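Structural overview
The lines below spell out each chain.
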There are 2 protein chains.
Amino acid sequence: MTEYRESVRSLLKERLLDAAYERVTADGWDRLRMAHIAAAAGVSRQTVYTEYGSKDAIGQALVMREVERFLTGIGEQLDAHPEDPREAVRAAVYFTLTAAADNPLLKSILTSSRGGDDDLLAHLTTRSEPLLETASAMLRDYAAKAWPFIAPDPRDLAIETVVRLTVSHIVQPSAPPDVTADRVALALARIALLPEDREP
Amino acid sequence: MTEYRESVRSLLKERLLDAAYERVTADGWDRLRMAHIAAAAGVSRQTVYTEYGSKDAIGQALVMREVERFLTGIGEQLDAHPEDPREAVRAAVYFTLTAAADNPLLKSILTSSRGGDDDLLAHLTTRSEPLLETASAMLRDYAAKAWPFIAPDPRDLAIETVVRLTVSHIVQPSAPPDVTADRVALALARIALLPEDREP
DNA sequence: AGGAACTGTCCAGAAACTAGACATAGACTG
DNA sequence: CAGTCTATGTCTAGTTTCTGGACAGTTCCT
C-alpha cells in the first residue's frame, strides 16, 4: 500500500525541482540556497534534505530531468524519419542543439561562473557519466529496434559517438546547429552505415 | 507553511474521485464500496473518511467535479458568440445536452437503479441546490460581464431559467438536443432580450 | 431469527513533515 | 589574521497525517 505515498513523493520531488529551476534560471546556481527551495516549495528545509541528500544531488536531478525532457523530443524527431538513420540523427541533433540554445537551464549553466566541482556545469563535463549513460541507453534501445539491419557493434559505437559529440557541441559549439547536425550525421553514416555494417 | 500540504490534499482528493469515478461508471453507484475507493487510490479506508466524511459526500463531490468540467466547456461555447446572447446560449445548451448524453458518469447516474435518497441522481433532482447555485453563479457573473446591456433583473431570471431548463432536459429529455437548445434560447430571448429589458 | 456485508467511528501505532539547535567550512572585513 | 557572517548538512523532539484493526449500528438475504 505504497502507491499513494510514492505519488506524493514524486509530487514533492517535482515541486522541489520546479522551485530550484526557477531560482537557478533567474539567479544562478551559486546564489541558490537550500532554504529558498524549501520555502518556494512550501516545505521545511529538513524535508529537502530528506528527499535529496544534498544540494549537489538537486543539481544532478535538475540536469537529469532536463535530459529526460530532451530525450522525449529527440524520440519524436527520430520517429519522423523511420527507415533513414542518417536523416533521423541529423534531425535529432539539430533539434537538440537548437533547443539547447533556447533552454533556460542550459543557458544558466553555460553562462554562470564556473565555480568548483559542485556546480551544474560539471554534470555536463567532468561528471557527465549519468547523462551519457541515460542518453546512450535510451538511444541504443531505440536504434536496436528501429534499425535492426545495422550490426550491433558499429551501431552501438555510432550511438555513443553521436551522444558524446552532441553534448560536446552543446557545451562548446563550433558551427551553427545545421552544420553541426550534418557533420554528426555524417559521422554516424561513416561509422555504421557502410555496406559491410549491414546485418547478414 | 501549508501550501504544500494543501496540494497533497488535493492530490489525494483527486485520486479518490478518480477511483470512485472509474468504479461508478463501470459498476454503478450502489455497487461501489468505500473499501474499493480506498484500495484503488492506495490509501486506507479511514483516510477516505477523513477526507470526505461519508459516501454521500463523495457522490456530491463526484457530481460537482463533473459540473465544473461542464462549466469550462460551456464557457468556451459562450465565448464563441460574443455580443449575441441568444446564439451563445443556444450553443451552450446544445453543447451541454450532447456532452451530457455522452458522459459516462451521467449515463451511469441516469440508468442506474433509483435507490434511495442517497443515490447520485438526487444530486441532479431533489438535492440539486449546490449544482444549480454553482452553475447559476458562474453564468450570472459571465452574463453580467458579457451582456451589460441587459437589465440585471431579467438577466438573472433568464440565467436561472436556462440553467434549470437545461438540467431538467438532461434528466428527462423531451426532444433532440438541437430542438431543445433552440427552445431554451427562445425562452432566454423572451425573458431578457425584449426592447424594454435594455439597460437605460 | 441469524448471518453476511457495509457504513461510519474509534484508537493506538507508524510514517512523514516541522522547527529549532548545532557542528563545520568558506568568504568577507576591520 | 582573528572575528563575523552565511551557508551546508546533521540531529532531535514534537506535530500532523496515514494505517490497520476492532466495533457498533443498519440493511438485506435466507
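All residue numbers refer to position in the chain's written sequence, counted from 1. Naming scheme: in the order in which they are written, chains are lettered from A and ligands are numbered from 1. Side-chain atom pairs in this predicted model are given and counted only at pLDDT of 80 or more, local residue features only at pLDDT of at least 70, and totals for whole chains, interfaces and linings cover all residues.

What to know about the overall build of chain A
When helices and strands are counted, chain A shows nine helices and zero strands. Principal axes of the C-alpha set define a box for chain A whose edges measure 60 × 45 × 25 Å. In chain A, the proportion of contacts linking residues at least 24 apart, taken out of those at least 6 apart, comes to 68%. Put simply, DSSP H or I for four residues or longer makes a helix, DSSP E for two residues or longer makes a strand, and each gets a number counted from the N terminus. Residues are defined as contacting one another if the C-beta atoms placed from their backbone atoms lie within 7 Å.

Focus: the protein's contact with DNA strand C
Think of it this way: take the backbone, place a C-beta atom on it, and check whether that atom is within 6 Å of the molecule or strand, in which case the residue is near it. Around DNA strand C, 18 residues are found, and the nearest of them are Ser44, Gln46 and Thr47 of chain A together with Ser54 and Lys55 of chain B. For the surface near DNA strand C, the secondary structure elements donating two or more residues are α1 (3-27) and α3 (45-51) of chain A together with α2 (34-41), α3 (45-51) and α4 (55-79) of chain B. Considering only residue class, the surface near DNA strand C consists of seven nonpolar, seven polar and four charged. Just so you know the grouping, Ala, Val, Leu, Ile, Met, Phe, Trp, Tyr, Cys and Pro go in nonpolar, Asp, Glu, Lys and Arg go in charged, and all remaining residues, Gly too, go in polar.

Comments concerning the environment of Arg140 of chain A
Note that Arg140 of chain A resides in helix α7 (residues 129-146). Put simply, Arg140 of chain A and Arg31 of chain A are 109 residues apart on the chain and 37 Å apart in space, counted from C-alpha to C-alpha.

Quick notes on the packing of α1 of chain A against helix α6 (residues 104-111) of chain A
Residue and element names in this part refer to chain A. Here α1 crosses α6 at 50°, and the two axes come no closer than 9 Å. One way to sum up the angle between α1 and α6 is to call them oblique. Considering how the two elements wind past one another, α1 and α6 form a crossing that is left-handed. Counted together, Tyr21, Val24 and Thr25 of α1 and Pro104, Leu105 and Ser108 of α6 form the full contact between these two elements. When the residues that make up the contact of α1 with α6 are grouped by side-chain class, the tally is four nonpolar, two polar and no charged. Where helices are involved, their axes are fitted lines through C-alpha atoms of the stretch in contact, as for all axes, and angles between N-to-C directions lie from 0 to 180°. Here roughly perpendicular refers to angles of 65 to 115 degrees, roughly parallel to angles under 35, roughly antiparallel to angles over 145, and oblique to all remaining angles. Helix crossings are classified by the rotation of the near helix relative to the far one: an anticlockwise turn of less than a right angle makes the crossing left-handed, while a clockwise turn makes it right-handed.

With respect to the interface of chain A and chain B
By convention, interface size is frequently given as the accessible area that disappears when the constituent parts associate. Chain A puts ten residues into the contact, and the matching count from chain B is ten residues. If you tally residues by element for the side of chain A that touches chain B, the top one is α1 of chain A, at six residues.

Digging into helix α8 (residues 152-171) of chain B
Residue and element names in this part refer to chain B. By this rule, a helix spans an expected 1.5 Å times one less than how many residues it contains. Here α8 spans 29 Å end to end across 20 residues, near enough to the 28 Å set by a 1.5 Å rise per residue. Neighbour counting defines burial: a residue surrounded by 20 or more other C-beta atoms within 10 Å of its own C-beta is buried, one with 12 or fewer is exposed, and intermediate counts give partly exposed, using backbone-placed C-beta atoms. Regarding α8, the residues found buried are Arg155, Ala158, Ile159, Val162, Val163, Thr166, His169 and Ile170. Buried residues in α8, looked at end-on, bunch into an arc of 140°, giving them a common side. Those residues of α8 hidden inside the fold are in contact with α5 (85-102), α6 (104-111), α7 (129-146) and α9 (177-192). The directions from the helix axis to the C-beta atoms are what the arc is built from.

Describing the environment of Ala26 of chain B
Here Ala26 of chain B lies in helix α1 (residues 3-27). With 18 residues separating them along the chain, Ala26 of chain B and Ser44 of chain B place their C-alpha atoms 22 Å apart.

Overview of the domain arrangement of chain A
Residue and element names in this part refer to chain A. Bear in mind that the domain bounds are from an automatic or database domain assignment. If you check the domain split of chain A, you get domain 1 (1-53) and domain 2 (56-200). One C-alpha centre belongs to domain 1, the other to domain 2, and the line joining them spans 28 Å. Residue-level contacts link ten residues of domain 1 with 14 residues of domain 2. Among the residues making up the side of domain 1 that touches domain 2, the classes are represented as six nonpolar, three polar and one charged.

Side note on unusual backbone geometry
Residues and elements named next belong to chain A. Located in the positive-phi region is Glu83, a residue other than glycine, with phi close to 75°. Following the sequence through the fold, Glu83 ends up in the loop between α4 (55-79) and α5 (85-102). When the 9 C-beta atoms within 10 Å are taken as the criterion, Glu83 is described as exposed.

Remarks on the protein's contact with DNA strand D
In the vicinity of DNA strand D there are 18 residues, among which Ser54 of chain A together with Val43, Ser44, Gln46 and Thr47 of chain B approach most closely. Contributing elements (two or more residues each) for the surface near DNA strand D: α2 (34-41), α3 and α4 of chain A together with α1 and α3 of chain B. Take the surface near DNA strand D: its biggest share by element is three residues, from α3 of chain B. For the surface near DNA strand D, the residue count by class is seven nonpolar, seven polar and four charged.

Focus on the environment of Pro104 of chain B
For Pro104 of chain B, the position within the fold is in helix α6. When the C-alpha positions of Pro104 of chain B and Gln172 of chain B are compared, they lie 17 Å apart, and in sequence the two are 68 residues distant.

What about the relation of the copies chain A and chain B?
The superposition of copies rests on a least-squares fit of C-alpha positions from residues with pLDDT of 70 or more in both. Overlay of chain A on chain B (RMSD 0.1 Å): rotation 180°, translation along the axis 0.1 Å. Classification of the inter-copy transformation places it as that of a two-fold axis. Residue Val8 of chain A, judged by its C-alpha, is the member of chain A lying nearest the rotation axis, at 3.3 Å. Taken together, the interface assignments show that 100% of the residues at the interface of chain A recur at the interface of chain B, consistent with an identical surface on both copies.

A look at the packing of α7 of chain B against α8 of chain B
Residue and element names in this part refer to chain B. At a minimum axis distance of 9 Å, the contact between α7 and α8 shows a crossing angle of 135°. Taken together, the axes of α7 and α8 lie oblique to each other. Judged by the twist between their axes, the crossing of α7 over α8 is right-handed. Residue-level contacts link Leu131, Leu132, Ala135, Ser136, Leu139, Arg140 and Ala143 of α7 to Arg155, Asp156, Ile159, Glu160, Val163, Arg164 and Val167 of α8.

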